[in-house]
Amino acid sequence: MKRTLLTGNGAAAWGARLARAAYIPAFPITPQTEIIETLSDWIDHGAMPGRLVTLDSEHSMITAAGAAAATGVRVFSATSSQGLLYGMEMLYTVAGWRAPFVLVNVSRGLAAPITLEPDHNDIMAARDCGFLQIHCATCQEVLDAVLIAYRLGESSQVRLPVIVNLDGFYLSFTREPVEIPDPDAAAAFVGDYDAENVRFRASAPTSQAMAVLGGSPYSYFRYETHLAAMQAVQGFEEIAAEFNTLFGRDYPAVEAYRTEDADMAFVMIGCFATKAKAAVDRLREAGWKIGLLRPRLLRPYPAEAIRSLLRGKQGVAVIDQNISMGSGGVLYSELTSALYGRPDMPPVVASFIGGLGGRDISSEEFFEIATILKSAVDSGVTPPPRLLYSEDELKQIEKLQTIAHVERTGGNH
Amino acid sequence: MSEQRFKRLKDIPSTHLFGSGTPACAGCGGLEVIHQLYDILGEKTVFINAAGCMTLLAIYPFTPFRGSWLYTAMASAPAGAQGVRDALDILLEQGRMEKSDDLTTVVLTGDGSAYGMGLSATSGAIERGLDFIYLCYDNEGYGNTGQQYSEATPHGARTSTSTGPRGYPGYKKSIFDIWIAGRPAYAATVIGAEPLDLARKVERATQLKGPKLITALSPCPTGWGFDPQESVEIGELAVKTGIWPLKEYVDGKVVHTKVVRKRLPVEAYLERQTRFAHLFRPSRNEKLLAEIQQRIDSYWKQIETS
């Protein structure tokens, strides 16, 4: 085991290398390019056995990834944002093939308007496709999650592809100290890929993803995939526990930070939760009894763990870095549906949406969220969803629009 | 190149490897080609299917294929072939699979995907030199959804989305020319009605490594409007009128494998199909008929003088 400085992208590449991924279909997109460049460099210089093939699009890349996994080799790939959406048709298809592989998504906002900066609308769009989703907050977690993801996706009870998600720029390009597990220990933990459920061989011909006629066989396959995904909650906890025994790092499906004696909690995913943790520390110093929940697993949804951690709390603030247009935060609706109809659950669940397109969520804003939550708890009235956007930001935009207008028209209105 | 196995019609295998009783339409020209191709390739194949009529050949839990089969989607069957081929190669290299377990990778696609939505994935596979056979059954429209126009629809044909008096105003695109621009290992046009020519070309494709196109004009009784029992005859007419040239590209050269000395007028082909009925009734569209004939004549004139 050695300790070094790695970016989130570098950590993802190390995960693929230690898992001994043999096939890497690739397509470049910012901010994940460093991942495939790193793997390509290793393969070209003999540091890693494997084959990297650049495809003509993410749609083709996901197809090739699923097809190779279904033929019996361990596959790794990575994408981001528009790339994930371009491959979306095939995400549903390869999940239906029950072909397990690991896809790293480096979260980035979606066009239009086009941006390179992160938020979670890309990964939320892939919520229902059949891929499991593991969300990371540190570079160490990215590397470890890739190893855990192979074990989980390939396990005989699951056999589904897995997305490991990290935030673009904030995590993809941040260098942090990362412990790289010993290659032999990592290989022993991940094990060999066994594609017994699929495989194309002359001696054992198989047909995969055939058409079905009518709703009954269709429902059969859809339910089977759903039940397999549900199995992955328990599977994840078991595999993470084994990982902890071997490598000394604990990854429960839901991370709970200072929640035990808390009255209130923030709920967030991804690396912005690190800022929320710091805010929890400062709020604690100011006498607040508040904590943080960070689901690592989003599919399958670890509802029971979340319920058990929130039991008896007075109020929860869900901070979404995504918007489901015309509805609001996706994590908020996921959480409220998990709590609904259970009398011992927090009476107040408030929705906040921020951090879109890389916009920062400041320490003061976490204090403001806590204040709004506290007054909602006191009044018993859940406040309307709130977009984290300041009057100053709005004024800045309007100022730029005015300048551009004057430039364009030469001042003539 | 090794000697051709197929000298006479009776050399062609009559194994009928492909199972009967599929849901394909009676008289399907595409199915006719799959039958013939499968007997030559044998069962050590994996078909990577794009969305189209042939998606419905295998309906869970039954399949007419003796080998393996994978359904992908409309736009990316060549990428599926890339994944399968690469994985088989990796397994062979790693010694995790016997050589005898290897498979021929075949993309099975219609013209809708081949000429349109799947072209980017096809172009990528050709450029990467993928070792695969690409079978396009070309029924000149989106056959599976009721014969709407596709980029393979011929000039003047009526489709369910080109119903006006002139039919489809554009011109059929040449997938053969698009392929050979990428300098593949092999490309050929075939038709089920010429089984010996087809068998020789499929055989040649199996002997070469790299991207190989077999594109088959596939008479479609439901989409083109003729009696299913006339399928073979319509196919023969496509060759005899010169509207579907049989050719192959190998070693950087295009060779026509059948040059008809006395071509029949194209009308002999057109008048047998209701998709061209508006060219004859209520009155003959002389201008359009002459244009179609003229385009065929000038194609062959170029071939004969070169």
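Keep in mind the model is a prediction, meaning the values are calculated, not measured.

S.K.: Can you walk me through the overall build of chain A in this structure?
M.R.: In terms of helices and strands, chain A carries 14 helices and 16 strands. In terms of overall dimensions, chain A is globule-like: its C-alpha atoms have a radius of gyration of 22 Å, near the 22 Å expected for 413 residues. In terms of overall dimensions, chain A has C-alpha extents of about 70 × 65 × 55 Å along its principal axes. Here chain A holds 413 residues, and the buried ones make up 56% of them. In chain A, 81% of the contacts between residues at least 6 apart in sequence involve partners at least 24 apart.

S.K.: Would you explain the sheet that holds strand S4 (residues 76-79) of chain A in this entry?
M.R.: Where strands meet in a sheet, backbone hydrogen bonds hold them as pairs that are either parallel or antiparallel. Residue and element names in this part refer to chain A. Taken together, the five strands give an open sheet; going across it, the order is S4-S5-S7-S6-S13, and neighbouring strands pair in mixed fashion. Edge positions in the sheet fall to S4 and strand S13 (297-299), since each of these pairs with one other strand and no more. Averaged over all neighbouring strand pairs, the angle between strand axes comes to 25 degrees, with direction disregarded. Pairing between strand S6 (residues 132-135) and strand S7 (residues 162-167): four bridges, direction parallel. For Gln133, the partnering residue across the bridge sits in S7 and is Ile163.

S.K.: How should I be thinking about the interface of chain B and chain A in this particular structure?
M.R.: The figure often quoted for interface size is the accessible area lost as the parts come together. Listed as interface residues are 43 residues of chain B and, on the opposing side, 35 residues of chain A. Between chain B and chain A, the buried area comes to about 3000 Å², and carbon and sulfur atoms account for 64% of it. At the surface where chain B touches chain A, the tally comes to four salt bridges. A salt bridge links B:Asp89 to A:Arg51; the shortest N-O distance between them is 4.0 Å. Summed over the shared surface of chain B and chain A, the number is 16 residue pairs in polar contact (both at pLDDT 80 or more). Counting only elements with at least two residues in the side of chain B that touches chain A, the list comes to strand S2 (68-71), helix H2 (77-93) and helix H4 (119-127) of chain B. With twelve residues, the single largest contributor to the side of chain B that touches chain A is H2(B).

S.K.: I would appreciate a short explanation of the packing of aromatic side chains in the present structure.
M.R.: In this description, a pair of aromatic rings is defined by centroid distance and the angle of the planes. Residues and elements named next belong to chain B. Here the structure, examined in full by the defined rule, presents 22 aromatic pairs over all chains. Summarising the aromatic geometry, the rings of Tyr38 and Phe65 are spaced 5.6 Å apart at their centres and angled 70 degrees between planes, so their arrangement reads as edge-to-face. Here Phe65 lies in the loop between strand S1 (45-49) and S2 and Tyr38 lies in helix H1 (residues 29-41), a separation of 27 residues in the sequence. Where Trp224 meets Phe226, the ring centres are 6.3 Å apart and the plane angle is 65 degrees; that geometry is what we call edge-to-face. A single burial state applies to Trp224 and to Phe226, both of which are buried.

S.K.: What should I look at first to understand the domain arrangement of chain A in this one?
M.R.: All names here are of chain A. Per the domain assignment, the segments of chain A are domain 1 (2-247) and domain 2 (255-393). With 24 residues of domain 1 at the contact, the number on the domain 2 side is 25 residues. Both faces combined, the contact of domain 1 with domain 2 buries some 2100 Å², and carbon together with sulfur accounts for 61% of it. Looking only at domain 1, the three residues that lose the most surface to domain 2 are Met124, Arg127 and Tyr170, adding up to 26% of its buried area. At the boundary of domain 1 and domain 2, one finds four salt bridges. Taken together, the links from domain 1 to domain 2 amount to 15 residue pairs in polar contact (both at pLDDT 80 or more). Examining the composition of the side of domain 1 that touches domain 2, we find that five residues originate from one element, helix H9 (residues 215-247), more than from any other.

S.K.: Is there a simple way to explain the pattern of salt bridges in this structure?
M.R.: Two side chains carrying opposite charge are able to pair once their charged atoms lie near each other. One pass over the full model with this rule turns up 48 salt bridges over all chains. For B:Asp297, the salt bridge is made with B:Arg263, and the minimal N-O distance between the two is 3.1 Å. Placement of B:Asp297 in helix H10 (residues 286-305) and of B:Arg263 in the loop between strand S8 (253-258) and helix H9 (267-270) is noted, with a sequence separation of 34 residues between them. A relative accessible area of 31% means that B:Asp297 is categorised as partly exposed. One salt-bridge network, in which partners are shared between bridges, spans A:Arg51, B:Arg85, B:Asp86, B:Asp89, B:Glu93, B:Lys99 and B:Asp102.

S.K.: I'm lost on the packing of helix H3 (residues 58-71) of chain A against H2(B) in this one. Help?
M.R.: Relative orientation and spacing of two packed helices are given, respectively, by the angle between their axes and the distance between those axes. Where H3(A) contacts H2(B), the axes come no closer than 7 Å and their chain directions differ by 40 degrees. By the angle between their directions, the pair H3(A) and H2(B) is classed as oblique. In the crossing of H3(A) with H2(B), the sense of the turn from one axis to the other is right-handed. Residue-level inspection shows A:Ser60, A:Thr63, A:Ala64, A:Ala67, A:Ala68 and A:Thr71 of H3(A) in contact with H2(B), the latter providing B:Ala79, B:Gly80, B:Gly83, B:Val84, B:Ala87, B:Leu88 and B:Leu91.

S.K.: Is there a simple way to think about H4(B) in this case?
M.R.: An α-helical turn contains 3.6 residues, so any two residues separated by three or four positions project in the same direction. Looking only at H4(B), the buried set comprises B:Ala121, B:Thr122, B:Gly124, B:Ala125 and B:Ile126. Packing partners of the buried residues in H4(B) comprise H3 of chain A together with H2, strand S4 (132-138), helix H5 (175-181) and strand S6 (211-217) of chain B. Of the residues one or two after H4(B), B:Gly129 is the one with positive phi, at around 70 degrees.

S.K.: Would you mind going over the environment of A:Leu103 with me for this structure?
M.R.: All names here are of chain A. Within the element layout of this structure, Leu103 appears in strand S5 (residues 102-107). For Leu103, a relative accessible area of 0% puts it in the buried group. On a C-alpha basis, the gap between Leu103 and Ser80 in space is 9.9 Å, while along the polypeptide they are 23 residues apart.

S.K.: Help me understand the environment of B:Arg96, please; the structure alone is not making it clear to me.
M.R.: Along the chain, the position of B:Arg96 falls in the loop between H2 and strand S3 (104-110). Judged by its relative accessible area of 44%, B:Arg96 falls in the partly exposed class. Sequence-wise, B:Arg96 and B:Tyr115 are 19 residues apart; in three dimensions their C-alpha atoms are separated by 37 Å. With residues near it in sequence (within four places) discarded, B:Arg96 still touches A:Gly72, A:Tyr193 and B:Leu91.

Cut-offs used in this document
Residues numbered from 1 in each chain as written. Chains lettered and ligands numbered in written order. Predicted model: local features only at pLDDT ≥ 70, side-chain atom pairs only at ≥ 80, totals over all residues. Heavy atoms only, no water. Helix = DSSP H or I, 4+ residues; strand = E, 2+ residues; numbered from the N terminus. Rg over C-alpha atoms; globule rule 2.2 N^0.38 Å. Buried < 20%, exposed > 50% of the residue type's maximum accessible area, 1.4 Å probe, protein only. Contact = heavy atoms within 4.5 Å. Pairing = 2+ DSSP bridges. Axes fitted to C-alpha atoms, helices over the stretch in contact; angles between N-to-C directions. Buried area = accessible area lost by both parts, 1.4 Å probe. Salt bridge = Lys/Arg side-chain N within 4 Å of Asp/Glu carboxyl O. Polar contact = N/O pair within 3.5 Å; in protein donor to acceptor, adjacent residues only side chain to side chain. Phe/Tyr/Trp six-rings, centres within 6.5 Å; stacked < 30°, edge-to-face > 60°. Domains from an automatic or database assignment. Parallel < 35°, antiparallel > 145°, perpendicular 65-115°, else oblique. Left-handed = near helix turned anticlockwise from the far one by under 90°.

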